[in-house]
Amino acid sequence: MRYIAFFFSLTVTVGLAVLLALQIGTIPPLGHLLDPSHGFWQNAYSEDVLAQENIQLKNLKDKVEVVYDEHLIPHVFAQNEEDLYRVQGYVTAQHRLWQMEFQTMAAAGRISEIVGPAAIELDRMTRRKGLAYSAEQAVHHIRNNDPETYRLIEAYSDGVNQYIDGLSRARLPLEYKILAYKPEHWSVYKSLLLLKYMADMLVGDKDLEYTNMRQLIGESLIDKLFPLFPEENDPVIEAEKIWDFEPLPIKKPEGIVYPDEKILVKTLAQPEPGVGSNNWAVSPRKTKNGAAILANDPHLSLNLPSLWFAMQLSTPQYTVKGATLPGALGIISGFNENIAWGVTNATRDTRDWYSIQFKDESRTEYLYNDRWIQSTFRIEEIKVKSQPAFIDTVVYTHHGPVVFDKTFRGERQDVNFALKWTAHLESNEQKTFLLLNKGKNHEDYLDALNHFTSPAQNFVFASRTGDIGMKVQGRFPLKWEGQGKFLMDGNNPAFEWQGYIPFEQNPSTFNPERGFVSSANQHSTAASYPYYIFDDSFEHYRNRRLNNILRESENITIEDMKRLQFDQYHLHAAEALPIMMHLLQKGVGLEDIGEDGSKYLDQLVQWNFNTFPNQEEPALFQTWWKHLYKLIWTKWENDSFPIVLPNKYQTVKLLHNEPESELFDLPETPETEVAMDLVKLAFDAMTSEMKEWETNKGSYDWAAFKGTRIMHLVPNFMSFSRKNIYTGGYGGILNATGERHGASWRFVVEMGNEINAFGIYPGGQSGNPGSKFYDNFIKIWANGEYVNFNLRKNTDNQKVLFVTTFKN
């Protein structure tokens, strides 16, 4: 039956590839696609059907055994690291080759080669941000400074390439057949490019939007609506932490003048608001079994194939298990026999923008410190499917590449904005994970993090000896207060970064008195930390919910931590809704809201603020809040004038503390509105929208209303996607599952004498839509359940799907 369903899915997908708006270039002749020997029929399989008992792999020093469990998770047993990573490359390519290549082509700005001219602007933006340039810098740095890591990445690449070289047309992943192209060889550059792709995925900045906002409302109102710290700051590193180092001196220069420009460019895409990640660890004195417990759930875009690929990697020296990134070496989030670690985004402002003044149209010189200095040019040839190549010239300054200029998104001839970004710096993030994989203690963990530059991450730690820790890691610019919040003058040296915070002075904690460490994308520290920290996207709700539960909990079990990862409590609603209801009842009589409004209000009065999939109240609240937020702030919006708006936390504070504020007035009406007027208007809009929903779609239970979906990496391939996932949660909730984002990987591990671990992600191990392992984890994930993730030996008498032995 699966093969029949697969046939119909494929038929729909090919039709979409031909007809939909992406305008994918030449589709392969249908005769080739339907060829029973080489076409899609050859992809209608599950991996256990085609399993090979023995595979010959060149350059191995010894034999390697790969044991697949019942979930298609490979457990690789090698005698040395070079063999280990060569086989990891081969095995990953077996199951995720198309995904690996597609993601690195996206990072290199090469999607136009696959889909045609519709992707040219996307590719230009990617190249102008300098992702390929930064990966080239990393290759040069590692090759010259860390030959051992370079050798291991080469071994991984060799494994991938041996798989590609042995790949028949029949076994070519389906996406290659539909999109009519073939895989290229892998390389060290591509593995490092993948890590830069992750850095780009997890960074944001709104310097240009803040610049416009300063002109629109003034700096004093910006300070009021966008304070550096919230009232209820519950930071990553405990607020009472005493900093025992001498900070580097940094002083704001006198007479700072920002460029007075109105920014009209279409700015960079930002990370999804309200979505992030959680990690935490609790010390043995708070757990029932007297062992440290660690949990991690990174929240990212929900895609098929999944971002993650689960593996165990073993040598005689160590065994490590967890989630890998297809294309990178080792385990990214996981554990070994001695330590466990996980990551969340630290949301630090590590990208800044500089206004550049060129001497003339040639752009060969730009003004710096009132002198003309030489710029450099990088010619970007963007190959386009079925069309001539597009040539883009990107100008590089000492600040970084000029992203916006008169040739790209520039509404005026004098727009030249250069991007300075820590991801452009020489780095070796790959070594961090290689060292973590075989780390034995907290000292090894810290040593591993010293190689990690970008993106800024909160690394949680736990060990079998009972230690727990957290470090906010990255290469963070040394800035004076306020630096980098607005567009800066590229001519003025006072706007240069003053250096970097020493790694040993990055915020960290080890075995804190409170008995736990945690992060949920909130502020890294309290105001006592001696360096300036800024970002526009800090979390204000998940962190407080998480920390409150961890503070109160004792005798914690691994089951408690599973439930906490799937916690559905909507703290934002719990704080906002009583204020909204008070203002509604203050402003109007209940008879004025009508029969439908009364029904919805009665439901909200009874709500317990959970967001289970069968509840209706979350749909009512989110719709009411959506309309209220728009009424308050969209008066400032302009399609050609990008700005930043206050977050929901500050909006709730304004509703509560200043309900009569002039900020609630609607300029298009003759009346002077206050908060209760907007609350009533928003309630009426919610009532109309929900009544229409009921009329057209019936039930507004949360799962149906939210519509969580897991999309194929090519959005047009709807048949390879999964829609209407029955699950709860939302952005800003510990179970931060929204429409397209959520927990991309959940794992919990108890670091006792016998390590006890569980993990899950929304997808499956296979990248082949025809495989039963393509999406078999989705229902388990949606229900908040897990699969056993314990370490195993190759002699274990456990369920085995099949075993493959690699020999030279």
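Higher on the page you've got the structure.
Overview of the structure. (Residues numbered from 1 in each chain as written. Predicted model: local features only at pLDDT ≥ 70, side-chain atom pairs only at ≥ 80, totals over all residues. Heavy atoms only, no water.)

1. Regarding the overall build of the protein
Looking only at helices and strands, one finds 22 helices and 29 strands in the protein. The C-alpha radius of gyration of the protein comes to 27 Å, within 12% of the 28 Å expected for a compact globule of 808 residues. In terms of overall dimensions, the protein has C-alpha extents of about 80 × 65 × 65 Å along its principal axes. Here the protein holds 808 residues, and the buried ones make up 63% of them. For the protein, the share of sequence-separated contacts (at least 6 apart) that also reach a separation of at least 24 residues comes to 74%. Accessible surface, the protein: about 30800 Å² in total, of which carbon and sulfur atoms supply 49%. Charged side chains in the protein number 80 positive and 102 negative. The centres of these two groups are separated by 6 Å. (Helix = DSSP H or I, 4+ residues; strand = E, 2+ residues; numbered from the N terminus. Rg over C-alpha atoms; globule rule 2.2 N^0.38 Å. Buried < 20%, exposed > 50% of the residue type's maximum accessible area, 1.4 Å probe, protein only. Contact = heavy atoms within 4.5 Å. Areas by Shrake-Rupley, 256 points an atom, 1.4 Å probe, with all protein chains shown as cover. Lys, Arg positive; Asp, Glu negative; His and termini not counted. Charge placed at Lys NZ, Arg CZ, Asp CG, Glu CD.)

2. Looking at the layout of surface pockets
If a probe as big as a water molecule is rolled over the atoms, it shows which places are left empty. Space inside the second largest pocket adds up to approximately 400 Å³. Lining the second largest pocket are 17 residues; nearest its centre among them are Leu 50, Gln 52, Gln 94, Tyr 163 and Arg 171. For the lining of the second largest pocket, the element with the highest residue contribution is helix H3 (residues 81–108), accounting for three residues. (1 Å grid on protein atoms, 1.4 Å probe; cavity = no way out; pocket = protein on both sides within 12 Å on 5 of 7 lines; lining within 4 Å. Points joined across faces, edges and corners; volume = space filled by probe spheres on them.)

3. Quick look at the sheet that holds strand E26 (residues 746–750)
The strand order across the open sheet formed by six strands is E23-E4-E5-E26-E27-E28, and the pairing between neighbours is antiparallel. A single partner strand is all that each edge strand has here, and the edge strands are strand E23 (516–519) and strand E28 (787–788). Pairing of strand E4 (residues 278–282) with strand E5 (residues 293–297), which is carried by five bridges, proceeds in the antiparallel orientation. Along E5, the bridge assignment pairs Trp 280 with Ala 295. Each of E4 and E23 touches helix H14 (residues 542–552); the most contacted strand, E23, lies at about 165° to it. (Pairing = 2+ DSSP bridges. Axes fitted to C-alpha atoms, helices over the stretch in contact; angles between N-to-C directions.)

4. So, the pattern of salt bridges
Counted by the stated rule, this structure contains 43 salt bridges. Its salt-bridge partner being Arg 124, residue Asp 392 comes within 3.1 Å of it at the nearest N-O pair. Taken together, the residues span a long stretch of sequence, with Asp 392 in strand E16 (residues 387–396) and Arg 124 in helix H5 (residues 120–129) at a distance of 268 residues. Looking at Arg 124, the relative accessible area reads 10%, which means it is buried. With a shortest N-O distance of 3.6 Å, Lys 653 and Glu 231 are connected by a salt bridge. Of this pair, Lys 653 sits in helix H19 (residues 648–657) while Glu 231 sits in the loop between helix H11 (219–225) and E4, and the two are 422 residues apart along the sequence. The class for Lys 653 is buried, based on a relative accessible area of 18%. Residue Glu 231 is classed as exposed on the basis of its relative accessible area, which comes to 60%. (Salt bridge = Lys/Arg side-chain N within 4 Å of Asp/Glu carboxyl O.)

5. Here's the deal with H5
Summarising burial for H5: eight of the 10 residues are buried, a large majority. Turning to H5, its buried residues number three or more, namely Ile 120, Asp 123, Arg 124, Met 125, Thr 126, Arg 127, Arg 128 and Lys 129. Positive backbone phi, approximately 90°, marks Gly 130, located one or two places after H5.

6. Examining the sheet that holds strand E22 (residues 508–510)
Reading across the sheet, the 11 strands line up as E1-E29-E2-E3-E8-E9-E10-E11-E19-E20-E22 and stay open at both edges, with mixed pairing between neighbours. Looking at the sheet topology across the chains shown, the edges are occupied by strand E1 (54–56) and E22. Taking the axes of each pair of neighbouring strands and ignoring which way they run, one obtains an average angle of 15° across the sheet.

7. Observations concerning the nonpolar core
Counting 144 residues, the largest nonpolar core has Tyr 85, Val 87, Leu 325, Phe 335, Val 749 and Phe 806 as its most contacted members. The leading source of residues in this core is H3, at 12 residues. Ignoring anything within four residues of it in the chain, the contact list for Phe 806 reads Ile 55, Leu 57, Leu 60, Asp 62, Lys 63, Val 64, Val 66, Val 87, Tyr 90 and Val 91. Formed by 77 residues, the second largest nonpolar core is a distinct cluster that contains Tyr 354, Val 644, Leu 666 and Ile 733. (Core = buried A, V, L, I, M, F, W, Y, C linked by side-chain atoms within 4.5 Å.)

8. Here's the deal with the packing of aromatic side chains
Counting across every chain of the model gives 42 aromatic pairs. Seen from their ring centres, Trp 625 and Tyr 629 are 6.3 Å apart, and the 40° between their planes marks the pair as tilted. Of this pair, Trp 625 and Tyr 629 are both found in helix H18 (residues 617–633), four residues apart, which corresponds to roughly one turn of the helix. Tyr 629 carries the same exposure label as Trp 625, and that label is buried. Ring geometry for Trp 633 versus Trp 636: centroids 5.3 Å apart, planes at 35°, classification tilted. (Phe/Tyr/Trp six-rings, centres within 6.5 Å; stacked < 30°, edge-to-face > 60°.)

9. A word on a nonpolar patch on the surface
Together, Phe 377, Ile 379 and Ile 391 make up an exposed nonpolar region whose accessible area comes to about 300 Å². By the secondary structure assignment, Phe 377 is in strand E15 (residues 376–384). (Patch = residues over 30% accessible without salt bridge, like charges linked within 9 Å, V, L, I, M, F, W, Y side chains within 5 Å.)

10. Notes on the packing of H3 against helix H7 (residues 147–165)
Contact geometry of H3 with H7 gives a least axis separation of 7 Å together with a crossing angle of 50°. The pairing of H3 with H7 is recorded here as oblique in orientation. Seen along the crossing, H3 lies across H7 with a hand that is right-handed. Where H3 approaches H7, its residues Glu 81, Glu 82, Tyr 85, Arg 86, Gln 88, Gly 89, Tyr 90, Thr 92, Ala 93, Gln 94, Leu 97 and Met 100 are matched on the opposing element by Arg 151, Leu 152, Ala 155, Tyr 156, Asp 158, Gly 159, Val 160, Gln 162, Tyr 163 and Ile 164. (Parallel < 35°, antiparallel > 145°, perpendicular 65-115°, else oblique. Left-handed = near helix turned anticlockwise from the far one by under 90°.)

11. Here we look at the environment of Ile 114
Tracing the backbone through its elements, the reader meets Ile 114 in helix H4 (residues 112–115). With relative accessibility at 1%, the residue Ile 114 sits in the buried group.

12. Details of unusual backbone geometry
The omega angle of the peptide bond from Leu 304 to Pro 305 is -10°, so this bond is cis rather than trans. You can see Pro 305 is positioned in the loop between strand E7 (303–304) and strand E8 (309–314). Following Ser 454, the chain continues to Pro 455 via a peptide bond in cis, the omega torsion being 5°. Assignment of secondary structure puts Pro 455 in the loop between helix H13 (442–449) and strand E19 (457–463). Even without glycine at this site, Ala 180 takes up a positive phi of about 60°. Counting through the fold element by element, Ala 180 comes out in the loop between helix H8 (174–179) and helix H9 (188–201).

13. Considerations on the side chain of Gln 603
With respect to the helices and strands, the residue Gln 603 is situated in helix H17 (residues 594–606). Judged by relative accessible area, Gln 603 falls into the buried class, the value being 17%. In this structure, Gln 603 is in contact with Glu 616, Glu 617, Leu 620 and Tyr 700, ignoring residues within four places of it in sequence.

14. Let's talk about the pairing of strand E27 (residues 756–760)
Most of E27 is tucked away, with four of its five residues classed as buried. Bridge analysis of E26 against E27 gives five bridges, and the strand direction is antiparallel. Each residue of the ladder has a partner; that of Arg 746, found in E27, is Ile 760. Hairpin remark: E26 followed by E27, antiparallel, with five residues in the connecting loop. Of the strand pairs in this sheet, E27 and E28 are connected by two bridges, and their pairing is antiparallel. The residue bridging Phe 758 from the neighbouring strand is Asn 788, located in E28.

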